[in-house]
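Now for the letters of each chain:
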Amino acid sequence: MKNYAIILAGGVGKRMGSEIPKQFMEVDGKPILVYTIENFQRNAQIDQILVVCVKDWIEYLRGLIEKYSLSKVSWITEGGNTGHDSIRNGVFFLRDKVAADDFIIIHDAVRPLLPQKAIDEVLHVAHTKGNASSSTVCHPPIVYTDDYKSGIKDVDRDHVMLTASPQVYKYSLALKCYEQAERENRCDFTFTSSLLIHCGERVYFAKGTTCNIKVTQKEDLALFSALLKVPEDLLFS
């Protein structure tokens, strides 16, 4: 059994308002994507890495892989029009490269603050249950809205978990679900966990961290830079 990381770098980052995809923006002198790949590069449980990359930046990515000695990156494939398409591209790309009982760990390129313990935890749960999503308990109040301007009822926080990448799946399970989505002509699942639920599977939770931020808007760049200075042990406690 082996573990393969799929890093999703297929987006163009429209919300960031940048001329370049946000995963290639530099923070403290290094592209965000490189920080993300390095987290998996140094984890002993990760065997190889596939990067799903926006087409026009593949050659630039090859240069980064060489510059930063990212030796576990074995493959690059093109991203799709949506997050669902990019994940599907990655899962299908690995059809003839991994075994059915291997595991894939899917992660957003723009979630660069990922402690090693968080990777180990989500792999541990997935190896036991067949899948796992990095998750945190929901603390803020949640209000249901029907018009995005006002709220009409509370949502019980005791029955809500906040999930994020990394998410880990036995490869045969992920492949089966994406093949079902293709047969149904469905491409609207924001992440694999949503697809699993659609396919009647139970999604399992692994302990995550609120520091696992997604760099989406300009203010997130400053937050990421600040969190880089925090010792890793304090990012996952």
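The coordinates are above.
Residues numbered from 1 in each chain as written. Predicted model: local features only at pLDDT ≥ 70, side-chain atom pairs only at ≥ 80, totals over all residues. Heavy atoms only, no water.

Moving on, we come to the overall build of the chain. In terms of regular secondary structure, the chain is built from eight helices and 11 strands. When the backbone C-alpha atoms are referred to their principal axes, the chain occupies close to 55 × 40 × 35 Å. Here the chain, with 237 residues, has 51% of them falling under the buried criterion. Once local pairs closer than 6 in sequence are excluded, the contacts in the chain between residues at least 24 apart make up 75%. Here the chain displays about 12,000 Å² of accessible surface, and carbon together with sulfur accounts for 49% of that area. Taking the 28 positively charged and 30 negatively charged side chains of the chain as two groups, their mean positions are separated by 1 Å. (Helix = DSSP H or I, 4+ residues; strand = E, 2+ residues; numbered from the N terminus. Buried < 20%, exposed > 50% of the residue type's maximum accessible area, 1.4 Å probe, protein only. Contact = heavy atoms within 4.5 Å. Areas by Shrake-Rupley, 256 points an atom, 1.4 Å probe, with all protein chains shown as cover. Lys, Arg positive; Asp, Glu negative; His and termini not counted. Charge placed at Lys NZ, Arg CZ, Asp CG, Glu CD.)

Turning to the nonpolar core, a few remarks are in order. The biggest cluster of nonpolar side chains holds 35 residues, and the ones touching the most others in it are F40, I49, V51 and I105. The set of elements that each furnish at least two residues to this core consists of β1 (3-9), α1 (32-41), β4 (48-53), α2 (58-67), β5 (73-78), β6 (103-108) and α4 (116-129). For this core, the element with the most residues is α4, which contributes six residues. For F40, the contacting residues outside a window of four places in its chain are A5, I7, I46, I49, K72, I105, H107, L114 and I119. Counting 27 residues, the second-largest nonpolar core is a separate cluster that includes I87, F92, L94 and Y178. (Core = buried A, V, L, I, M, F, W, Y, C linked by side-chain atoms within 4.5 Å.)

Attention now moves to the side chain of K72. Following the sequence through the fold, K72 ends up in the loop between α2 and β5. It is D47 that comes nearest to the buried, bridge-free K72 among opposite-charge side chains, at 7.0 Å. There is a polar contact of 2.7 Å between the side chain of K72 and the backbone oxygen of N43. Ignoring any residue separated from it by four or fewer positions in sequence, one finds K72 in contact with F40, Q41, N43, A44, I46, D47, Q48 and I49. (Salt bridge = Lys/Arg side-chain N within 4 Å of Asp/Glu carboxyl O. Polar contact = N/O pair within 3.5 Å; in protein donor to acceptor, adjacent residues only side chain to side chain.)

What the rule picks out here adds up to 11 salt bridges. When the shortest N-O distance is used, the salt bridge between K97 and D96 registers 2.9 Å. Classification of K97 by relative accessible area gives partly exposed; the value is 29%. With a closest N to O distance of 3.1 Å, K176 and E201 form a salt bridge. With a gap of 25 residues between them, K176 in helix α5 (residues 171-183) and E201 in the loop between α6 (192-198) and β11 (205-207) connect regions that are remote in the sequence. On the accessibility criterion, E201 (28% relative accessible area) is partly exposed. Put simply, D85, R88 and E182 are held in one network by salt bridges that share partners.

Another point: the sheet that holds β5. Paired through their backbone hydrogen bonds, the strands of a sheet run either parallel or antiparallel. With respect to topology, seven strands assemble into an open sheet ordered β5-β4-β1-β6-β10-β7-β11, the strand pairing being mixed. Every interior strand has two partners, whereas the edge strands, β5 and β11, have only one. Here the average twist between neighbouring strands, direction ignored, is 30°. Summarising the sheet, β1 and β4 pair through six bridges and their orientation is parallel. Its bridge partner being in β4, Y4 is matched across the sheet by Q48. (Pairing = 2+ DSSP bridges. Axes fitted to C-alpha atoms, helices over the stretch in contact; angles between N-to-C directions.)

Counting along an α-helix, one turn takes 3.6 residues, and residues three or four places apart therefore face a common direction. Every buried residue of helix α7 (residues 218-227) is accounted for by D220, L221, F224, S225 and L227. Seen along its axis, α7 keeps its buried residues to an arc of 165°; they face one direction. For α7, exposure combined with an orientation more than 90 degrees from the buried face picks out K218, E219 and A222. Lining the buried residues of α7 we find β2 (26-27), α1 and α8 (232-235). (Arc of directions from axis to C-beta.)

Glycine aside, the phi torsion of most residues is negative, and most peptide linkages are trans. Following S165, the chain continues to P166 via a peptide bond in cis, the omega torsion being 10°. Relative to the elements of secondary structure, P166 occurs in strand β10 (residues 161-170). Unusually for a residue other than glycine, N185 sits at a positive phi of about 60°. If you trace the backbone, N185 turns up in the loop between α5 and α6.

Spatial relationships are all this shows, so hold off on functional conclusions.
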